[in-house]
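Residue strings, one per chain:
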Amino acid sequence: MKSKIAAVVVAALLGTLLAAAPAGARASGSLGPLGVPVVDAPFTGRSGQPGTFDGTLWVERFEATDGGLVLVGELMGLATFSGGDTAALEGGDVVVPVTIVEANCDAAVLAAGDATVAGFGTADLSATDVALSEGPRGVRCALGRVVAAGGATAAQAALLDQIVDANARRASGG
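Conventions we followed
- Residues numbered from 1 in each chain as written.
- Predicted model: local features only at pLDDT ≥ 70, side-chain atom pairs only at ≥ 80, totals over all residues.
- Heavy atoms only, no water.
- Phe/Tyr/Trp six-rings, centres within 6.5 Å; stacked < 30°, edge-to-face > 60°.
- Helix = DSSP H or I, 4+ residues; strand = E, 2+ residues; numbered from the N terminus.
- Buried < 20%, exposed > 50% of the residue type's maximum accessible area, 1.4 Å probe, protein only.
- Salt bridge = Lys/Arg side-chain N within 4 Å of Asp/Glu carboxyl O.
- Disulfide = S-S within 2.5 Å.
- Pairing = 2+ DSSP bridges.
- Contact = heavy atoms within 4.5 Å.

Student: Break down the packing of aromatic side chains for me, citing the residues and quoting the values.
Tutor: When we look at a pair of aromatic rings, we describe it by the centre distance and by the angle of the planes. Inspection of every chain in the model, using the stated rule, returns 3 aromatic pairs. Their ring planes at 55° and their centres at 5.4 Å tell us that Phe-43 and Phe-120 sit as a pair that is tilted. Separated by 77 residues along the polypeptide, Phe-43 in strand β1 (residues 34-45) and Phe-120 in the loop between β6 (114-117) and β7 (121-124) bring together distant segments of the chain. Pair check on accessibility: Phe-43 and Phe-120 agree, each one buried. Counting every residue linked through ring pairs, the aromatic cluster contains Phe-43, Phe-53, Phe-81 and Phe-120.

Pasting the structure below:
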């Protein structure tokens, strides 16, 4: 009985928060990306050559898939291969599997998986945490409650998008 009541409360809270989201924010992809530094990530080039990747993972939005939660964005930076050669990546579209490892009123922390850029290579982002500690506290609290209740990944993605959009608005002075 308690779990049914909790589910109803979470659903009602989610409905209120989602209704307050800026109209069209999802339709446009998001208001702007959020940059996450990537340092010394193991990298495998398109020809199989090993190296490391340093740069930025630009978070544009989150989506729910059959396999779970994914981050959609761009990867930009420099791959340094074991022989010393380098290759710059000016902006490669990526879909990265993520897992929420912490979600509460203070922050949401997500662990990232591999980021593959077609024609460039794959960066192992398992040591890269996507930490969202800025933005609306109420949304972070709601995300914590949804995660704790085992809520659907679609609800988690919608709340994460609200945090990313709020950060983008603040960064652009809006």
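Student: Residues and numbers for the pattern of salt bridges, please.
Tutor: Under the definition given, this model contains 2 salt bridges. The closest approach of N and O atoms between Arg-61 and Glu-63, which form a salt bridge, is 2.9 Å. Accessibility expressed as a relative area gives 21% for Arg-61, which makes it partly exposed. Where Asp-106 meets Arg-137, a salt bridge forms, and the shortest distance between an N and an O atom there is 3.2 Å. Of this pair, Asp-106 sits in the loop between β4 (86-103) and β5 (108-112) while Arg-137 is found in helix α2 (residues 137-148), placing the two residues 31 residues apart along the sequence.

Student: Mind laying out the state of the cysteines, listing which residues take part and the relevant values?
Tutor: All chains considered together, the criterion is met by 1 disulfide. Between Cys-105 and Cys-141 runs a disulfide, and the two sulfur atoms are separated by 1.9 Å. The chirality of the disulfide connecting Cys-105 with Cys-141 is right-handed, given an S-S dihedral of about 135°. Highlighted residues: Cys-105 in the loop between β4 and β5 and Cys-141 in helix α2, separated in sequence by 36 residues.

Student: Give a description of the pairing of β5 that names residues and reports values.
Tutor: The element β5 is largely enclosed, with a buried count of 4 among its 5 residues. Across 5 bridges, β4 lies against β5 in antiparallel orientation. Across the sheet, residue Ile-100 finds its bridge partner in β5, namely Leu-110. Hairpin connection, β4 to β5: the antiparallel pair is bridged by 4 residues. The pairing of β5 with strand β8 (residues 129-132) spans 4 bridges and is classified as antiparallel.

Student: An account of the environment of Ala-111 is requested, with residue identities and associated values reported.
Tutor: Position of Ala-111 relative to the elements: it lies in strand β5. Judged by its relative accessible area of 22%, Ala-111 is partly exposed. Along the primary structure Ala-111 and Val-101 are separated by 10 residues, whereas in three dimensions their C-alpha atoms are 6.5 Å apart. Filtering out sequence-adjacent residues up to four positions away, Ala-111 remains in contact with Pro-97, Val-98, Thr-99, Val-101, Thr-128 and Asp-129.

These values are about where atoms sit, not about what they do.
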